[in-house]
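One-letter residues, chain by chain:
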Amino acid sequence: MSVLPLVFTSGWASGINAYAVVLLFGVFGATGLTDEVPESLQRTDVLVVVGVLFVCEAVADKIPYVDSIWDTAHTVIRPVSGAVVAALLAGQSGSLPEIAAGAVGGSTALMSHLVKAGTRMAVNTSPEPFSNIAVSTAEDLGVAGIITFAIFHPLAAAIVAGGLLLLGIVIIVFLAAKIRNFRRRKAERRARQRVAATWPD
């Protein structure tokens with residue numbers, strides 16, 4: 001079970017930016033910073049591909065509404081990536097069955113992905129683009145920080161990731177109510193405008 005904290009943390013991070021997770025693990029393994037990373041994630045072709053995809057995500061993730069389209073397209077990709085990375089990490093350590101690790105990594109990635117996508121939908125209700133850039137940058141830095149931290153302190157990193165996931169769920173519940181109220185008021189305002197437009201002078 002010693003690899004479980006790293007599996008959980010990688011799953012959480014994969015739900016936010018799967019390409020960054022693979023890229024960071026691959027670089028850390030290739031540079032000898034850790035021996036927990038399997039060889040398949042350190043291959044040059046893998047690093048080049050995920051590096052290009054990471055750049056694409058870094059750009060798309062900061063553009064209003066494009067980020068939500070990108071999230072929708074990655075609803076399957078991120079959980080699958082989280083499951084694969086988790087299974088590879090478990091297979092490398094031999095301390096946790098790969099299927100169980102894949103289930104933990106994939107389900108955690110799905111939850112954090114849904115939190116991310118829901119947050120972006122709420123942010124996109126703002127008319128200015130700066131909030132998207134700020135949130136996206138914070139997510140990128142958060143993923144980089146938590147994965148780096150997990151390499152040296154996997155249990156502490158898993159606790160932080162779990163806290164962030166729980167906080168994200170609470171925020172989404174709060175934002176969902178705000179979004180519903182916003183859309184209801186907007187619909188009511190449009191209805192009043194239509195009535196006023198058709199009312200005889």
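Residue numbering note: each chain is counted from 1, following its sequence as written. Whole-chain, interface and lining totals are the exception, using all residues; otherwise, since this is a predicted model, local features are given only for residues with pLDDT of at least 70 and side-chain atom pairs are given and counted only at 80 or more. Derived side-chain values reflect all non-hydrogen atoms in the structure, with water molecules and hydrogen atoms excluded from consideration.

Describing the side chain of E57
This is how it is decided: Numbering of helices and strands runs from the N terminus, with a helix taken as a DSSP run of H or I at least four residues long and a strand as a DSSP run of E at least two residues long. The contact rule is simple, with two residues in contact once any of their heavy atoms fall within 4.5 Å.
Examined against the element boundaries, E57 turns out to sit in helix α2 (residues 44–60). Apart from the residues within four sequence positions on either side, E57 is in contact with I16, N17, Y19, W70, H74 and R78.

Quick notes on a positive patch on the surface
Quick note on the threshold: Patches draw on residues past 30% relative accessible area with no salt bridge. Two like charges within 9 Å are joined, as are two nonpolar side chains (Val, Leu, Ile, Met, Phe, Trp, Tyr) within 5 Å. The method behind every accessible area is Shrake-Rupley, applied with a 1.4 Å probe, and residues are considered shielded solely by the protein chains displayed. Think of a salt bridge as a Lys or Arg side-chain nitrogen and an Asp or Glu carboxyl oxygen that are within 4 Å of each other. His is not counted, nor are the chain ends, whereas Lys and Arg count as positive and Asp and Glu as negative. The atom standing in for a charge is NZ when the residue is Lys, CZ when it is Arg, CG when it is Asp and CD when it is Glu.
Taken together, K178, R184, R185, R189, R190, R192 and R194 make up a surface patch of like positive charges. Assignment of secondary structure puts R185 in helix α7 (residues 154–198).

Some words on the packing of helix α5 (residues 98–123) against helix α6 (residues 130–152)
In plain terms, the rule: Throughout, an axis means a line fitted to C-alpha atoms (over the contacting stretch in the case of helices), and angles, computed between N-to-C directions, take values from 0 to 180 degrees. Throughout, the term roughly parallel applies to angles under 35 degrees, roughly antiparallel to angles over 145, roughly perpendicular to angles from 65 to 115, and oblique to all others. Whether a crossing is left-handed or right-handed is set by the direction in which the near helix is turned from the far one by less than a right angle, anticlockwise for left-handed and clockwise for right-handed.
Contact pair α5 / α6: the axes reach a minimum separation of 10 Å and the direction vectors enclose 160 degrees. Looking at the two axes, α5 sits roughly antiparallel to α6. Of the two possible hands of crossing, α5 and α6 adopt the one that is right-handed. On α6, the residues that touch K116, R120 and V123 of α5 are S131, N132, V135, S136 and E139.

Some words on the nonpolar core
Defined as follows: We define the nonpolar core as a collection of buried residues of types Ala, Val, Leu, Ile, Met, Phe, Trp, Tyr and Cys that are connected through side-chain atoms lying within 4.5 Å of one another. The classification of residues rests on relative accessible area computed with a 1.4 Å probe and restricted to protein chains. Under 20% of the type maximum is buried, over 50% is exposed, and intermediate values are partly exposed.
Of all hydrophobic cores here, the largest spans 30 residues; its most connected members are V3, W12, A13, V21, F25, V143 and I147. With 11 residues, the single largest contributor to this core is helix α1 (residues 4–30). Once you skip the residues sitting within four places of it in the chain, A13 turns out to touch A18, V21, V143, I146 and I147.

Digging into the packing of α1 against α6
Definition in use: Each residue gets one label: Ala, Val, Leu, Ile, Met, Phe, Trp, Tyr, Cys and Pro are nonpolar, Asp, Glu, Lys and Arg are charged, and the others, such as Gly, are polar.
Interaxial distance between α1 and α6 falls to 9 Å at its minimum, and their mutual angle equals 85 degrees. If you check the angle between α1 and α6, you find them roughly perpendicular. Contact residues: α1 offers L6, T9, S10, W12, A13, I16, N17, A20, V21, L24, F25 and F28, while α6 offers E139, D140, V143, A144, I146, I147, T148, A150 and I151. Class assignment of the residues belonging to the contact of α1 with α6 gives a composition of 15 nonpolar, four polar and two charged.

Thoughts on the pattern of salt bridges
Under the counting rule described, the total for this entry stands at nine salt bridges. With a closest N to O distance of 3.1 Å, R78 and E57 form a salt bridge. With R78 in helix α4 (residues 77–93) and E57 in helix α2, this pair connects stretches of sequence that are 21 residues apart. By the burial criterion, R78 is buried, and E57 matches it. Taking the shortest distance from any N to any O, the salt bridge between K116 and E139 comes out at 2.6 Å. With K116 in helix α5 and E139 in helix α6, the pair connects residues that are 23 residues apart, well separated along the chain. Neither residue differs from the other here; K116 and E139 are each classed as buried. Within the structure, one salt-bridge network assembled from shared partners comprises D61, D67, K116, R120 and E139.

Just distances and angles here, no functional claims.
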